[in-house]
Amino acid sequence: MTLEIVTPFKEGIDAIKGTGGETFKFCYQCGLCDTVCPWNRVRNFSIRKIVRQSTFGLPEIEGEDIWLCTTCGRCPQRCPRGVGTIEVGVSLRRIAAEASIFPGPINTIRASLATEGNPLREERAKRGDWAKNLSVKTFTEGMEILYFPGCYPSYDPRLKKVANATVNILNKAGVDFGILGSRENCCGESIRKTGDEELFKRLARENIKSFIDNGVKKILVTSPHCYHTFKNEYPEFRANFEVVHISQYLFQLINEGRLKLTGEYRRKITYHDPCYLGRHNGIYDEPREVLKSVHGLDLIEMADSREDSLCCGGGGGRIWMETAKGERFSDLRLDQALEVHADILATCCPYCIINFEDSKLALDETETLEIKDITEIIQEVI
Ligand code: SF4
Ligand code: SF4
């Protein structure tokens, strides 16, 4: 794909400032951002160069570079000048979006989100079908919690297993919960990162209306991306719901004695911190504590853990874009899990699971690493 945007000097700077990327002016080009960026483990990519181009008013951007950032959060964490590298990148994507310039697959995704409320070209009416044969109620006002599985656990066969496991756990713990099914949309987090601010706002407003109309106060989510946007971005619409990620809720249920872990799980497990749970929201300990509560489970750390976690490659809308073989971060992550001789690579993000399962297909048949969401492990010991 070749993308070229030519914008006059002054107008370009104003456009970037106007779309939230104004911190580019603090950059002094030290290059620390590029040294931590996972892209530079697999190919050349320079967010520093993109930031520099921004200071010159976006005279020209060629190629696919503005679409590469996964918004993983590593470089802003290291920048000594507080440059919002993610915001600079997203602001350029917004400028491209205003000119209707997107990488090819994103146009299909946008159409599906706009008509069906999900990126998978699935029917909106079937959003709640995953729960048909389970004991799940429709959410009504006064219930303790709304379970919001998100798009992939609602439709994708692999991720439906995670939604099922979550329901089994909630039922075992006696939680009073319900789902909204076709009355929920995609949270909109990832399409926002591709620059389509209008579509994000539409999805967010529709969700907020549905939550308010149905008397929702507390929302339990499977995806760290839903968690991030409900907690940190929906308040931009003056909507403040209590949001809890499943890893936090499991930790709470176990500590309160509502969920008893009675079984043994004698496996060696390494845990991958999803970017939007860890770096973006500081949730590192709860998933580990939940896993440590399981009798017999051997939790080991792999390289690039916690704050330094290696991105799976799925954030920032990259989950919908093709990444060439040899350039997939998830392949590197599986290698790191194998290096510590883990039986299972555990995580708690649908995007990570999709990417890891995909990378697993390329493993040598002698390598038997399993990919699991933490709910899939917990459901086996209750
Ligand atoms: S780390 Fe910050 S100051 Fe250094 S080049 Fe990157 S954006 Fe600029
Ligand atoms: S946020 Fe992550 S992927 Fe994006 S430029 Fe920074 S380090 Fe690279």
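Residues numbered from 1 in each chain as written. Chains lettered and ligands numbered in written order. Predicted model: local features only at pLDDT ≥ 70, side-chain atom pairs only at ≥ 80, totals over all residues.

Per the domain assignment, the segments of the chain are domain 1 (9–98), domain 2 (118–252) and domain 3 (260–381). Taking only C-alpha atoms into account, the centre of domain 1 sits 28 Å from that of domain 3. The interface of domain 1 with domain 3 comprises twelve residues on the first partner and 16 residues on the second. By residue class, the composition of the side of domain 1 that touches domain 3 is five nonpolar, four polar and three charged. (Domains from an automatic or database assignment. Contact = placed C-beta atoms within 7 Å. Nonpolar A, V, L, I, M, F, W, Y, C, P; charged D, E, K, R; others polar.)

Burial analysis of helix 11 (residues 224–233) places seven of its ten residues in the buried class, which makes it a mostly covered element. Turning to helix 11, its buried residues number three or more, namely Pro-224, His-225, Cys-226, Tyr-227, His-228, Thr-229 and Phe-230. On the buried face of helix 11, the contacting elements are strand 2 (145–148), helix 9 (189–193), strand 4 (218–221), strand 5 (242–245) and helix 15 (350–360). (Buried ≥ 20, exposed ≤ 12 C-beta atoms within 10 Å, placed from the backbone. Helix = DSSP H or I, 4+ residues; strand = E, 2+ residues; numbered from the N terminus.)

Once that is clear, we can look at the environment of Ile-374. Summarising the element assignment, Ile-374 is placed in helix 16 (residues 374–378). When the C-alpha atoms of Ile-374 and Ser-247 are compared, they prove to be 7.7 Å apart, with 127 residues separating the residues in sequence.

The next thing to look at is the site of ligand 1. Taken together, 13 residues surround ligand 1, and among them Cys-27, Cys-30, Cys-33, Cys-79 and Val-83 come closest. Split by residue class, the shell around ligand 1 holds eight nonpolar, three polar and two charged. (Near = placed C-beta within 6 Å.)

What follows deals with the site of ligand 2. Contacts to ligand 2 come from 15 residues, most closely from Cys-37, Ile-47, Cys-69, Cys-72 and Cys-75. Of all elements in the fold, only helix 2 (32–36), helix 4 (74–78) and helix 5 (85–98) reach the threshold of two or more residues within the shell around ligand 2.

With parallel pairing, four strands are arranged side by side in an open sheet as 7-6-8-9. At either end of the open sheet lies a strand with only one pairing partner, and these are strand 7 (298–300) and strand 9 (370–373). Across the sheet, the mean angle separating the axes of adjacent strands is 35 degrees when strand polarity is ignored. Pairing between strand 6 (residues 268–271) and strand 7: three bridges, direction parallel. Note that in strand 7 the partner of Ile-269 across the bridge is Leu-299. (Pairing = 2+ DSSP bridges. Axes fitted to C-alpha atoms, helices over the stretch in contact; angles between N-to-C directions.)

Looking now at unusual backbone geometry. In the Ramachandran plot, Gln-29 falls in the positive-phi region, its phi being about 60 degrees despite a non-glycine side chain. Secondary-structure assignment places Gln-29 in the loop between helix 1 (9–18) and helix 2. Of the residues examined, Gln-29 has 12 C-beta atoms within 10 Å and is grouped as exposed. One non-glycine residue, Arg-121, lies in the positive phi region at around 60 degrees. With respect to the secondary-structure elements, Arg-121 resides in the loop between helix 6 (104–116) and strand 1 (137–138).

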